[in-house]
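Structural overview
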Amino acid sequence: MNKHKGSVGQRIRQIAGRIVLVWLGLWLAGILLFAFLPVPFSAVMAERQIGAWLRGDFDYVAHSDWVGHDEISPWMGLAVIASEDQKFPTHWGFDVAAIESVLDKRDSQMRGASTLSQQTAKNLFLWDGRSWLRKGLEAGLTVGMETVWTKRRILTVYLNIAEFGPGIFGVEAASQRYFHKPASRLTAADAALLAAVLPNPIRYRAAAPSGYVRERQQWILRQMRQLGGEGFLQRNQLD
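This text gives an overview of the structure that appears in the document. This one's a predicted model, so the numbers in the text were calculated from it and none came from an experiment. (Residues numbered from 1 in each chain as written. Predicted model: local features only at pLDDT ≥ 70, side-chain atom pairs only at ≥ 80, totals over all residues. Heavy atoms only, no water.)

Each helix and strand counted, the protein chain has eleven helices and three strands in total. In sequence order, the protein chain lays out its α and β elements as α-α-β-α-α-α-α-α-β-β-α-α-α-α. For the protein chain, with 239 residues in total, the buried portion stands at 46%. Nonlocal contacts in the protein chain, meaning residues at least 24 apart in sequence, comprise 69% of its contacts between residues at least 6 apart. For the protein chain, the exposed area adds up to about 12,900 Å²; of that, 58% sits on carbon and sulfur atoms. (Helix = DSSP H or I, 4+ residues; strand = E, 2+ residues; numbered from the N terminus. Buried < 20%, exposed > 50% of the residue type's maximum accessible area, 1.4 Å probe, protein only. Contact = heavy atoms within 4.5 Å. Areas by Shrake-Rupley, 256 points an atom, 1.4 Å probe, with all protein chains shown as cover.)

The next point concerns the packing of helix α5 (residues 116-125) against helix α7 (residues 151-161). Where α5 contacts α7, the axes come no closer than 9 Å and their chain directions differ by 50°. Judged by the angle between their axes, α5 and α7 are oblique. Crossing of α5 against α7: the hand is left-handed. Residues L116, S117, Q119, T120, N123 and L124 of α5 form the contact with α7, whose participating residues are K151, I154, L155, V157, Y158 and I161. Residues that form the contact of α5 with α7 fall into these classes: seven nonpolar, four polar and one charged. (Axes fitted to C-alpha atoms, helices over the stretch in contact; angles between N-to-C directions. Parallel < 35°, antiparallel > 145°, perpendicular 65-115°, else oblique. Left-handed = near helix turned anticlockwise from the far one by under 90°. Nonpolar A, V, L, I, M, F, W, Y, C, P; charged D, E, K, R; others polar.)

Tallied over the entire structure, the rule returns nine salt bridges. E84 is paired through a salt bridge with R216; the nearest N and O atoms lie 3.4 Å apart. In this pair, E84 is assigned in helix α3 (residues 74-84) and R216 in helix α10 (residues 211-227), connecting sequence segments 132 residues apart. When sorted by exposure, E84 lands in the same class as R216, which is buried. Between K181 and D190 there is a salt bridge, with its nearest N and O atoms 2.7 Å apart. Exposure remark for D190: the relative accessible area of 12% places this residue in the buried category. Linked by salt bridges that have partners in common, R48, K122, D128 and E163 make up one network. (Salt bridge = Lys/Arg side-chain N within 4 Å of Asp/Glu carboxyl O.)

Strand order in this open sheet of three strands is β1-β3-β2, and the pairing throughout is mixed. Two strands bound the open sheet, and with one partner strand each, they are β1 (63-64) and β2 (163-165). Two strands pair when backbone bridges link them, and β1 and strand β3 (residues 168-169) are joined in this way by two bridges, in the parallel orientation. Bridging from a neighbouring strand, S64 pairs with F169 of β3. (Pairing = 2+ DSSP bridges.)

This part takes up the packing of aromatic side chains. According to the stated counting rule, one finds two aromatic pairs in the structure shown. Considering the side-chain rings of Y204 and Y212, the 5.3 Å spacing of their centres and the 40° angle between planes classify their relative orientation as tilted. Take Y204: its relative accessible area is 14%, and that puts it in the buried class. Positioned above the aromatic ring of F88, the side-chain terminus of K151 is 4.7 Å from the ring centre. (Phe/Tyr/Trp six-rings, centres within 6.5 Å; stacked < 30°, edge-to-face > 60°. Lys NZ or Arg CZ within 6 Å of the ring centre and 35° of its normal.)

As structure tokens, this is what we get:
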């Protein structure tokens, strides 16, 4: 009997190990392929779509239109850097000072101290929500992306898979929905408004911005100016 239980346990461990190896292989392949190929969909997009189907919401469609870096207004890249991760050009995937601040509970408003690189890794490969397991996987994937991808590529992928509203993923879909124009024609104010909803795109609406979202938009615009406008992107080879 004990021998039978031992064989079953060993079999389960073998299957679990193979599953882990398959996932690791898929993530490694994704990091390598998406270093230059367009991203067709993200893990968060799939999670949202499957969740809607399970709720019986068959009208929900997770929509995204991939656009290259040169088809995105430079204001958009600057806006998300100004609002989400001002050390993005210089860090190696993690903002150590921000992490220490959150751990010390000095800054409860910070978005989990997640950099744009970490958010890209999470949105592309992992599930939504908070857990130590997910954060650990996110850290490993972030290191892999920072090793293989350029900062410009990370920013491009981030802007193409970020959630800007219910079913609206990527800057092109958001620009068309909210401003009826391509992402290449977004103004600084447009970009700041889209960036303002990123902390919670389900609660904050670019289509009907609340007073808080408008205040955040103005704060982001000030940060964009203080960073040096488009010159910031050029200096850091992100234009």
